[in-house]
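# Understanding the architecture of this molecule
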Amino acid sequence: MLIAGLSVNALAQTSTASPAPTTVSTTPTATVIASKPVASSANSTISELQQLMQNQGVSELRTTYNGNYGASQLFKPDSRTYYVALFQQKNFWRVVKTTSETQAEQVYKSFVGQTEKLAEVDIRRIKLEAEKQYTEQLIAAQETRLNALQNDLVVQQQQEQNVSVQQDQARQQAQLLSNKQQAARGELQGLQNRIRTLEAQQTVLDNGNFGGAKTIRK
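These notes cover the structure that comes with them. (Residues numbered from 1 in each chain as written. Predicted model: local features only at pLDDT ≥ 70, side-chain atom pairs only at ≥ 80, totals over all residues. Heavy atoms only, no water.)

## A closer look at unusual backbone geometry
Despite not being glycine, Gln 56 has its phi angle at roughly 55 degrees, a positive value. Examined against the element boundaries, Gln 56 turns out to sit in the loop between helix H2 (45-54) and strand S1 (59-66). Phi is positive for Arg 80, close to 50 degrees, though the residue is something other than glycine. (Helix = DSSP H or I, 4+ residues; strand = E, 2+ residues; numbered from the N terminus.)

## Description of the sheet that holds strand S3 (residues 81-88)
Spatial ordering of the open sheet is given by S1-S2-S3-S4, a layout of 4 strands whose pairing is antiparallel. Pairing within the sheet leaves two strands with one partner each, and these edge strands are S1 and strand S4 (91-98). When strand polarity is set aside, the average angle formed by the axes of neighbouring strands in this sheet is 15 degrees. When S1 meets strand S2 (residues 69-76), the two strands line up antiparallel, connected through 7 bridges. (Pairing = 2+ DSSP bridges. Axes fitted to C-alpha atoms, helices over the stretch in contact; angles between N-to-C directions.)

## A few points about the nonpolar core
It is characteristic of soluble globular proteins that their nonpolar side chains tend to be buried jointly. In terms of nonpolar packing, the biggest core is built from 15 residues, with Tyr 69, Ala 71, Val 84, Trp 93, Val 107, Tyr 108 and Phe 111 touching the most fellow members. Among the elements that make up this core, the one with the highest residue count is helix H3 (residues 101-217) (7 residues). Residues Ile 46, Met 53, Tyr 83 and Phe 87 belong to the second largest nonpolar core, which totals 11 residues. (Core = buried A, V, L, I, M, F, W, Y, C linked by side-chain atoms within 4.5 Å. Buried < 20%, exposed > 50% of the residue type's maximum accessible area, 1.4 Å probe, protein only.)

## Focus on the environment of Thr 99
For Thr 99, the position within the fold is in the loop between S4 and H3. Residue class for Thr 99 comes out exposed when judged on its relative accessible area of 52%. Counting along the chain gives 17 residues from Thr 99 to Tyr 82, while the straight-line C-alpha distance between them is 5.7 Å. Residues in contact with Thr 99, not counting those within four places in the same chain, are Arg 80, Thr 81 and Tyr 82. (Contact = heavy atoms within 4.5 Å.)

## Considerations on the packing of aromatic side chains
As enumerated under the stated definition, the model contains 4 aromatic pairs in all. With centroids separated by 5.8 Å and ring planes inclined at 70 degrees, the aromatic side chains of Tyr 65 and Phe 87 adopt a geometry described as edge-to-face. Taken together, the residues Tyr 65 in strand S1 and Phe 87 in strand S3 connect sequence positions 22 residues apart. Residue class for Phe 87 comes out buried when judged on its relative accessible area of 0%. (Phe/Tyr/Trp six-rings, centres within 6.5 Å; stacked < 30°, edge-to-face > 60°.)

## Concerning the pattern of salt bridges
This model, assessed by the stated rule, comprises 5 salt bridges. For Glu 136, the salt bridge identified is with Lys 132, shortest N-O distance 2.7 Å. You can see Glu 136 and its partner Lys 132 sitting in helix H3, 4 residues apart, about one turn around the helix. Under the relative-accessibility criterion, Glu 136 is labelled partly exposed at 41%. We classify Lys 132 as partly exposed; its relative accessible area is 42%. (Salt bridge = Lys/Arg side-chain N within 4 Å of Asp/Glu carboxyl O.)

This is the structure:
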């Protein structure tokens, strides 16, 4: 459907075109036709150009690529004939033959314009595909980051729980030690009180004995 809509109006009576495709090379520095046999009839412009290029009978003047589409201008020196080709990937679309340089330029510019329009969808698709892949990479990176944060959070929560349990145990142990310390202090205080009481009693007894001894000596 695109081919039907993009056919070029006859630019001169000397121009001819063939709808049958053949194989072309997409390498910019190479000729646009490969060495495969032509599927079109033997007297088509495409087969004629292909034969000339296989025999190195024409020179490639210029080639423009837009996406999968391209336009080439070739020249046959001995007859001063121009061939202008429109192709998609490796298939010829149209080949126009003319001896008019002006017409060859016009056809070439027209074909180049068609390649630009035709390639818009492909170029947009390529860009969208690249954006899609880039977005998928970002998504993968963000998912990795999210998983890492989630794992960090789990570890943090577990650690917080462990710390909380340890803090509770430490508080319980501290309270137990505090109670024991208070009990020990109470016990110590009681012992000290008993010691002081016994010491006081001992002092009284010592004083009493000392007084009795003095009386006896008199």
